[in-house]
Amino acid sequence: MYTQALNEKDPNAGKDKAEDPVLEARFQARVDEEMRIEPNDWMPAAYRRTLQRQIAQHAHSEVIGMQPEGNWLTRSPSLKRKAILLAKIQDEAGHGLYLYSAAETLGISREEMESQLLSGKARYSSIFNYPTLNWADMGAIGWLVDGAAIMNQIPLCRCSYGPYARAMVRVCKEESFHQRQGYDIMMQMAKGTPEQKAMAQDALNRTWWPSIMMFGPHDSDSSHSEQSMAWKIKRFSNDDLRQRFINATVPQAEYLGLTIPDPDLKFNEETGNWESGPIDWDEFKRVLAGNGPCNHQRLSTRQKAVAEGEWVRDAAAAHAAKVAARAANKEEAA
Ligand code: BYC
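The numbers attached to residues start from 1 for each chain and follow its sequence in the written order. Where totals are concerned, whole chains, interfaces and linings use all residues; where local detail is concerned, this predicted model gives features only for residues with pLDDT of at least 70, and gives and counts side-chain atom pairs only at 80 or more. The side-chain values count all of the structure's non-hydrogen atoms but skip hydrogen atoms and water molecules.

Chemist: What exactly am I supposed to notice about the site of the ligand here?
Modeler: Here a residue is near a molecule or strand as soon as one of its heavy atoms is found within 4 Å of it. Around the ligand, the structure places 34 residues, and the nearest of them are S126, S222, H224, K234 and N238. In protein, a polar contact requires one atom able to donate a hydrogen and another able to accept it; more generally it is a pair of N or O atoms within 3.5 Å, and residues adjacent in sequence count only if both atoms are side-chain atoms. Within the backbone of S126, an N or O atom sits 2.8 Å from a nitrogen atom of the ligand. Note that a nitrogen atom of the ligand is positioned 3.2 Å from one of the backbone N or O atoms of M214. A majority-of-atoms criterion places the ligand in the largest pocket. Going through the elements one at a time, α3 (45–64), α5 (79–104), α7 (136–153), α8 (162–190) and α12 (281–291) are the ones with two or more residues in the shell around the ligand. We call Asp, Glu, Lys and Arg charged. Ala, Val, Leu, Ile, Met, Phe, Trp, Tyr, Cys and Pro are nonpolar, and the rest, Gly among them, are polar. Residues of the shell around the ligand, tallied by class, amount to twelve nonpolar, 14 polar and eight charged. Every definition here rests on a 1 Å grid over the protein atoms only: cavities are sets of points where a 1.4 Å probe fits but cannot get out, pockets are open sets enclosed by protein on both sides within 12 Å along at least five of seven lines, and lining residues have some atom within 4 Å of a point. Each molecule is checked against the cavity or pocket grid, and it sits inside if more than half of its atoms lie within 2 Å of the grid points. Comment: elements are numbered from the N terminus, with helices defined as DSSP H or I runs of at least four residues and strands as E runs of at least two.

Okay, structure coming up:
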């Protein structure tokens, strides 16, 4: 069904460089009617660029996001925990691959996206520039980071761009398992020895604010939100999603017997919202500018992995060329 949609080429596809008000109005009407935009449909150049940027950033986040957890693979407290963590990290790699593929349908190559990441020009989620200092960080990441990701990504399953929306369905199912495994680690630690509970609290203290920042700047400072919402790429604003996340998470922290590191957090009876204290946007900006605690380490680890894997890619390409040449010879001989 999906491939058929790809095959029906819009006669106006490819004309998106010179904006055309008639095509643009037709495009917006389709979006307003909740019809999906497919790769061969006409789309405004800015819509294409926004999606290329967002999907690539998302893919990079999944790929770099493997590192903070990979840090604990060799030190997991049991074989069972190690197997679960390994499976989760492999899922993140898979998410990166679906997302790079979705972005490729917009006319940007995987090589180009990878080189943007490796050169330090591309963004990935700010959360992945922080260290993972104790085992409970694996719990806090699953609970909070994957929890925030689900809140942000469930609406993306209804994104107007078909390939992104469809990729999100499976990603969200897997994120849901990740969130549960994280909360399960937190439950064990928080209900464990006083030392384990202290580790859980420490992990929460360090992960809380960076996960709140994952939703992006306040709506008043968000450069892309308004247009992305009109195009139904985003369904909710950054602040809306952040508030939903805080409302869902506060009772979970209470159940664990842990304290959210925000002395100003208070419940507003009128709105039914847990209102957070001020967010340190200077810290967010520092991380985005490349000066977070682990930016350099995360990028250089990725650069090293790509360089060290070059011989594998070369060998695979040489093998594929040999197989193709053999098949061509056979055909000629027949
Ligand atoms: N980090 O206009 P705004 C995962 C940038 S991975 C860094 O609001 P937009 C997982 C933004 O790019 C999940 N940069 O932007 C993996 C823009 O800069 P540029 C990652 C951020 O795009 C492994 C500027 O700030 N999720 O789940 O409308 C293990 C202005 O912002 C951030 C996604 O990528 C940030 N947090 O909205 C565990 C979801 N926030 O490009 C878990 C898809 C903002 O103009 N992405 N910026 O230079 C989105 O939904 C949106 O891109 C955002 C931002 C809500 C993040």
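Chemist: Help me understand the nonpolar core in this model?
Modeler: Side chains that are nonpolar tend, in soluble globular proteins, to be buried together. By nonpolar core is meant a set of buried Ala, Val, Leu, Ile, Met, Phe, Trp, Tyr and Cys residues that side-chain atoms within 4.5 Å join together. Only protein chains enter the accessibility calculation, which uses a 1.4 Å probe; a residue whose area is less than 20% of its type maximum is buried, one above 50% is exposed, and one in between is partly exposed. With 75 residues, the main nonpolar core has Y47, L51, I55, Y161, Y164 and W208 as its most contacted residues. The element best represented in this core is α8, accounting for ten residues. The criterion used for residue contact is that any of the two residues' heavy atoms lie within 4.5 Å. If near-sequence neighbours (up to four positions away) are discounted, Y164 is found in contact with L51, Q54, I55, H58, L99, A102, L156 and C159.

Chemist: Could you clarify how one ought to interpret the pattern of salt bridges in this entry?
Modeler: A side chain of one charge can pair with a side chain of the opposite charge if their charged atoms are brought near each other. Any carboxyl oxygen of Asp or Glu within 4 Å of a side-chain nitrogen of Lys or Arg constitutes a salt bridge here. What the rule picks out here adds up to 14 salt bridges. D184 is paired through a salt bridge with R81; the nearest N and O atoms lie 3.0 Å apart. Of this pair, D184 sits in helix α8 while R81 sits in helix α5, placing them 103 residues apart in sequence. One salt-bridge network, in which partners are shared between bridges, spans E69, K88, E92 and D146.

Chemist: Whenever I open this one, the packing of aromatic side chains confuses me. Can you help?
Modeler: Think of a pair of aromatic rings as described by two things: how far the centres are apart, and how the planes are tilted against each other in angle. In summary, the pairing rule links any two rings of Phe, Tyr or Trp, Trp by its six-membered ring, whose centres are within 6.5 Å, and it sorts them by plane angle into stacked for under 30 degrees, edge-to-face for over 60 and tilted for everything else. One pass over the full model with this rule turns up nine aromatic pairs. Between F267 and W274, the ring centres sit 5.2 Å apart and the planes meet at 55°, which makes this aromatic pair tilted. Above the ring of W72, the side-chain terminus of R75 is found at 4.2 Å from the ring centroid. Charge over a ring is defined by NZ of Lys or CZ of Arg lying within 6 Å of the ring centre and within 35 degrees of the ring normal. Sitting above the plane of the F236 ring, R244 keeps its charged end 4.2 Å from the centroid.

Chemist: Looking at this structure, I do not really get α12. What am I missing?
Modeler: Because each turn of an α-helix spans 3.6 residues, side chains separated by three or four positions in sequence point in the same direction. Of the positions making up α12, those classed as buried are W281, F284 and V287. Projection of α12 onto a plane perpendicular to its axis shows the buried side chains occupying an angular sector of 120°, all on one side. More than 90 degrees from the buried face of α12, the exposed residues found are D282, K285, A289 and N291. For α12, the secondary structure elements touched by its buried residues are α9 (194–213), α11 (238–256) and α13 (295–308). N-cap assignment for α12: the residue whose side-chain oxygen lies 3.2 Å from the backbone N of D282 is D280. Picture the helix axis, draw a direction to every C-beta atom, and the arc is the one those directions span.

Chemist: Honestly, the environment of M213 in this entry has me stumped. Any pointers?
Modeler: Mapped onto the elements, M213 comes out in helix α9. Taking the C-alpha atoms as reference points, M213 and F284, separated by 71 residues in sequence, lie 6.9 Å from one another. Non-local contacts of M213, meaning those with residues more than four positions away in its chain, are made with S126, R242, I279, D280, W281, E283 and F284.

Chemist: How do you make sense of the packing of α5 against helix α6 (residues 110–118) when you look at a structure like this?
Modeler: Relative placement of two packed helices is described by the angle separating their axes and the distance separating the axes. Here an axis means a line fitted to C-alpha atoms, over the contact stretch when the element is a helix, while the angle between two N-to-C directions is reported on a 0 to 180 degree scale. The interhelical angle for the contact between α5 and α6, taken along N-to-C directions, is 115°, at an axis separation of 9 Å. Where α5 approaches α6, its residues L97, Y100, A103 and E104 are matched on the opposing element by R110, M113 and L117. For the contact of α5 with α6, a count of residues per class yields five nonpolar, no polar and two charged.

Chemist: Got a minute to help me understand the packing of α13 against helix α14 (residues 310–333) in this structure?
Modeler: For the pair α13 and α14, interaxial distance at closest approach is 4 Å and the crossing angle is 35°. Along its contact with α13, which presents V306, A307 and E308, the element α14 presents E310, W311 and R313. Classifying every residue of the contact of α13 with α14 gives three nonpolar, no polar and three charged.

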